[in-house]
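Spelled out, the chains give:
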Amino acid sequence: MATRAGRAPIERAALERAFWTWMITAIVAGGALLGTLLAVDGQSRTLVAAGGGAAALLVSLAIGVAAYQAEYARTYRDRLAWVENEGDLLEHRLRELVDGPLPALIERLHAGAAPDETLAELRAVPDHLLGRLVRMVAEGVAASEHGAARARAELAALEDEVARLADTTLPALIDRIRRDRVSAASALADLPAPEHAALERLLREFAGNLAAGERTRASAMAACASAAARIQAQTTRMLAQLRELEDRYNEDEVFGDLLDLDHHVSQLGRLADSIALLSGGRSGRRWTKPIKLESVIRGAMGRIASYQRVQYHSTSTAAVVGFAAEGVMHALAELMDNAANFSPHGSAVHVYAEEEDAGVVVTIEDSGLGMRQRERERAERLVSETADLTSLPGTRLGLAVVGRLAGKHGLRVSFRPSSRGGIGVVVLIPRQLITHSATDATRTTLAESVRSAPRGVPAPAREPAGAMASAAAPGAPDTSYLPKRRRGATLTGTVEPPAAPAPPPRDPGARFAAFRQSASGRHRTTGDTASAHEPDQ
Amino acid sequence: MNPRPLDFDDPDRLYTVTGGRSRVDDDALDLVTLVVAENDPAPGMQSEHVAILRLCRHEPVAVVELSSHLRLPVSVVKILLLDLRDTGHITVRHPTSATTVNHPADLETLKQVLVGLEAL
């Protein structure tokens, strides 16, 4: 624009100069023509005047035009030089700006500085346009930087929120719902709600589903446990009745069948116990007195299918305290059953019991194929954790049951290769579950057994051999009456009189009387004999 | 869970006591057969065997009385006794002296004995 505006003055100046040049030339030429006219004669004067005048006019015009052109060209050259100079200057400034303060400026803006401060610090840009340009750039950069910073902050807040949800809120929620059994709503009320709406929805949904799953699980387990408890009650009752029948018909043909039936019901009882345990229930029976190790082992044997293959070797007179006896028995039964099932059909399963410092070690050895390393590790894992029905490894319950019982009573179960070729399972019954005060079953009255074994408290240990000897000595205080109770009565819920009317001690003559009675009973029928040998009935 | 009734029994089932046997095919024992221990119980014996040997250590004891002491059915006691007899731990005999007193058939025998003695 400046160029176009400057054109008119340039042209005017050129014209001015051209005019003066022409004027001077015209005067000079006019003078020369006058001189020439004075010099020549009159005749040719007209001719010369005409010719000379025309020539002078032409020359002066030509010179004027040339002068105009020369001036015009000179002016434009000057102008061009100035423009070039200006352009160089601008480029130089621009380069200075781009190479120097502009990157620093942008960097400062990225770092979060306010655009006004930054521009104030920047050396004043002389050029107005460049200054505006720099300001616009600075403001743009600052605006985008501000937006990016806000987005970053929001993202970080969201990440924090998600992390808090995953690390703190969810575990606490799961804990509250699983362990404290509170409802989803009250569990959520106790926990800080996430600010993000979507996260809150997520948490609510999760809590609802978890609580529903937990309720389903709990009710399924409760149903299982309650069903198992009924089966347990029935089997215990059946076992008591069977024992009664066995006592009554012990010399009849049916005795063997009764024993068979007893065996089957015992196995059924073990199955019910297993289901009850895994579903959070309890063992089917509770013993009120310490149970001799031999009885514990035999009680365990009696609950497995091939009990006749089990051979028990021990001289230990220790007993297992009453509250743990059932659990130990059950665990041993499961392990013996495994041993019998995973060894050749006719082979024996050997059970050894030894007393150690740490307690009693029961070893169950079979001569089966043994276990590979992985199987053994899996078995060890199973018996060392307390699984429930929801985390069962498969259809085989045995080891999971052992794990449950081991956890409950502090038994230590380990597996090792057996010298017989199969697997040796070593069960350590800890010392606090062992006592030596087991009263001999054959010499104990009902009342004594109740008194001597308060539930859950191991009776004071006595010298084992002495206890045994004194208990079994033939001349010992007479307790040879039969402490009869109605076997079914244990299950009716009616309180069985535990220490109920203590029988009068028998006088020495009583034994002879019994002898006489049985002697004369030789000629009676079997039924009479039975009633003779059970005088209380 | 329902509270369980307390068990005052022993957990042994009879088939584990007898090792699965339920019948005796030996007529050597009846209810009044007297049992005498021949030696003391050895370590590692079944507890019922030990109890029987202790009960019969000083005097003969009848099968039925053992049954009462052990709180086991007579047939089970018989199985246990036969085990002990077969291993030589006990001897058994019939209480003939105790039963002859009231027995009419024995009077006849006595008379015959008397006659025999007189004929000497």
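This text goes with the structure placed above it.
It should be emphasised that the depicted structure is a prediction, and the values quoted were computed from it without experimental measurement. (Residues numbered from 1 in each chain as written. Chains lettered and ligands numbered in written order. Predicted model: local features only at pLDDT ≥ 70, side-chain atom pairs only at ≥ 80, totals over all residues.)

## Points about the overall build of chain B
A tally of regular secondary structure across chain B gives six helices and four strands. Its helices and strands taken in sequence order, chain B reads β-α-β-α-β-α-α-β-α-α from the N to the C terminus. When contacts within chain B are restricted to residue pairs at least 6 apart in sequence, long-range pairs at least 24 apart make up 68% of them. (Helix = DSSP H or I, 4+ residues; strand = E, 2+ residues; numbered from the N terminus. Contact = placed C-beta atoms within 7 Å.)

## With respect to the sheet that holds strand β3 (residues 310-313) of chain A
Strand pairing in a sheet relies on backbone hydrogen bonds, with the paired strands running either antiparallel or parallel. Residues and elements named next belong to chain A. Here five strands make up an open sheet; going across it, the order is β3-β5-β6-β8-β7 and the pairing mixed. Strands at the two margins of the open sheet, each flanked by one partner only, are β3 and β7 (412-417). Neighbour-to-neighbour, the strand axes of the sheet open up by a mean angle of 20 degrees, direction not taken into account. The pairing of strand β6 (residues 359-365) with strand β8 (residues 423-430) spans seven bridges and is antiparallel. Bridged to Val362 within β8 is Val427. Most of the contacts of helix α11 (residues 322-341) go to β8, to which it runs at about 175 degrees, and overall it touches β3, β5 (349-355), β6 and β8. (Pairing = 2+ DSSP bridges. Axes fitted to C-alpha atoms, helices over the stretch in contact; angles between N-to-C directions.)

## Brief notes about the pairing of β7 of chain A
Each regular strand shows side chains that alternate between the opposite faces of the sheet. Residue and element names in this part refer to chain A. By the bridge criterion, six bridges tie β7 to β8 in an arrangement that is antiparallel. Note on β8: the bridge partner recorded for Val413 is Val427. Taken together, β7 and the strand that follows it, β8, pair antiparallel across an intervening segment of five residues, in which Gly421 is found at a positive phi of about 110 degrees.

## A look at the sheet that holds strand β9 (residues 434-435) of chain A
Residues and elements named next belong to chain A. Across the sheet, three strands lie side by side as β2-β4-β9; this open sheet has antiparallel pairing. In the strand order of this sheet, the two ends are held by β2 (291-292) and β9, each with one partner. Pairing analysis gives two bridges linking strand β4 (residues 319-320) to β9, with the strands arranged antiparallel. From the neighbouring strand, Val320 faces β9, where its bridge partner is Ile434.

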